[in-house]
Amino acid sequence: MKMIEGNNEAAMTITANDVKNLIKKKDDIEEQIKAYYDVLEDQGVGVEGPLVDAEGFPRSDVNLYQIRTARHNISCLQNDHKAIMVDIEEALHKLHAREKSKREQDESQQGQAEAMEQDAPLPSPFARVEGISQDSPACRAGMRVGDEVVEFGSVNTGNFRNLQNIASVVQHSEGKPLRVSVIRDGKPTQMSLTPQQWSGRGLLGCNIVPIHRGAS
C-alpha cells in the first residue's frame, strides 16, 4: 500500500510530521505482528509448525482457527510493513530534498541581499579617526585609525555641523553604548562604543577630525 505519491507536488508538501506519522504506522504494524507471533507461541506451533497429527488428521490440542488467522494476518502485515518502509524512505528523501532546496533558496536570497547592499552607494563620511589610545574605550570598541565616520549615535551625515555635535552626544551618553558606523577599507562597519572614564583623557580615547565637504 503506497502512502505517498511519487510526484513533484508531494515532494514539495511533505513535512517532518508526515514522516512521523508514517513511522508511527510502521510501529503499529510491528506491534500487531508481535501480538500474532505471541498467539502462535502460546499455541506452541510457530509460523511453520504442523497443524495435523502423525496420522494426517487436524490436531485437536491446538486452536486451528486462531493459528490460521494469526499466520494469515502475519503474512498480510509483513507485506504492509515492507510497503510502509518504502514509503518512509521516499518521504525522507523528499523531505531532505525540500530542506536542501529551501536552504539553497535562502542562501541565494541572502547572497542577493548582500550584493544589493554592497552595490548601494556608501554614505558620505563627516569625520575621520586620526588617533586611538591603547586600552581606551574607542580601542576596546574596535575603532581603528583611518575609520571614516558616517554615524555616531544620533549624529549622522545629514545633521553633522561640527565636532561639538559629537562631543555633546558623548557627554550625554557616559556609560551608555552608542552605535557607531564607519567606512573602513571601502566597506561599512558598525560597532558599539560606550563613552566612559578610563586611565587616559576624555571618555573615548581617540582623536576625531572633521572631513570637509568635497575633500577626498
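**Quick look at the overall build of the protein chain**
Part 1: Helix and strand counts for the protein chain stand at 5 helices and 6 strands.
Part 2: Along the chain direction, N to C, the helices and strands of the protein chain fall in the order α-α-α-β-α-β-β-α-β-β-β.
Part 3: A sequence separation of at least 24 residues applies to 63% of the contacts in the protein chain between residues at least 6 apart.
Part 4: Working note: accessible area of the protein chain is about 14,200 Å², and carbon and sulfur atoms make up 49% of it.

**Re the pairing of strand β4 (residues 178–184)**
Part 1: Burial of β4 is extensive: 6 of the 7 residues sit out of reach of the surface.
Part 2: In terms of strand pairing, strand β2 (residues 148–152) meets β4 through 4 bridges, oriented antiparallel. Residue pairing across strands places Glu151 opposite Ser181, the latter belonging to β4.
Part 3: Bridge count between β4 and strand β5 (residues 187–193): 7 bridges; the pairing is antiparallel. When the bridges of β5 are listed, Ile183 appears paired with Pro188.

**A few points about the confidence of the model for the protein chain**
Low pLDDT marks regions whose predicted coordinates should not be analysed in detail.
Part 1: Of the residues in the protein chain, 89% reach a pLDDT of 70 or more, and the chain-wide mean stands at 87.
Part 2: Per-residue pLDDT stays below 50 along residues 1–11; that stretch engages in 24 contacts with residues further than four places along the chain or on separate chains.

**Some details on helix α5 (residues 163–171)**
Part 1: Of all the positions in α5, only Ile166, Val169 and Val170 are classed as buried. Projected down its long axis, α5 carries its buried residues within an arc of 100°, all on one side.
Part 2: Elements in contact with the buried residues of α5: β2, β3 (155–156), β4 and β6 (206–210).
Part 3: The N-cap of α5, judged by a side-chain oxygen 2.9 Å from the amide nitrogen of Gln164 a few residues on, is Asn162.

**Side note on the nonpolar core**
Part 1: Core analysis: the biggest nonpolar cluster contains 20 residues, and Phe126, Met143, Val149, Phe152, Ile166, Val180 and Leu193 have the highest contact counts within it.
Part 2: Elements with a contribution of two residues or more to this core: β1 (127–132), β2, α5, β4 and β5.
Part 3: Leaving out residues up to four positions away in the same chain, Met143 has contacts with Val129, Ile132, Ala138, Val180, Arg184, Met191, Leu193 and Cys206.
Part 4: Formed by 10 residues, the second largest nonpolar core is a distinct cluster that contains Val19, Leu22, Ile33 and Leu95.

**Focus on the environment of Phe126**
Part 1: Topologically, Phe126 is positioned in the loop between α3 (64–119) and β1.
Part 2: Distance in space between the C-alpha atoms of Phe126 and Val182 is 9.9 Å, their sequence separation being 56 residues.
Part 3: Apart from residues lying up to four places away in sequence, Phe126 is in contact with Val149, Val150, Glu151, Phe152, Val155, Asn156, Thr157, Phe160, Ile166, Pro210 and Ile211.

Conventions adopted
- Residues numbered from 1 in each chain as written.
- Predicted model: local features only at pLDDT ≥ 70, side-chain atom pairs only at ≥ 80, totals over all residues.
- Heavy atoms only, no water.
- Helix = DSSP H or I, 4+ residues; strand = E, 2+ residues; numbered from the N terminus.
- Contact = heavy atoms within 4.5 Å.
- Areas by Shrake-Rupley, 256 points an atom, 1.4 Å probe, with all protein chains shown as cover.
- Buried < 20%, exposed > 50% of the residue type's maximum accessible area, 1.4 Å probe, protein only.
- Pairing = 2+ DSSP bridges.
- pLDDT = per-residue confidence, 0-100.
- Arc of directions from axis to C-beta.
- Polar contact = N/O pair within 3.5 Å; in protein donor to acceptor, adjacent residues only side chain to side chain.
- Core = buried A, V, L, I, M, F, W, Y, C linked by side-chain atoms within 4.5 Å.

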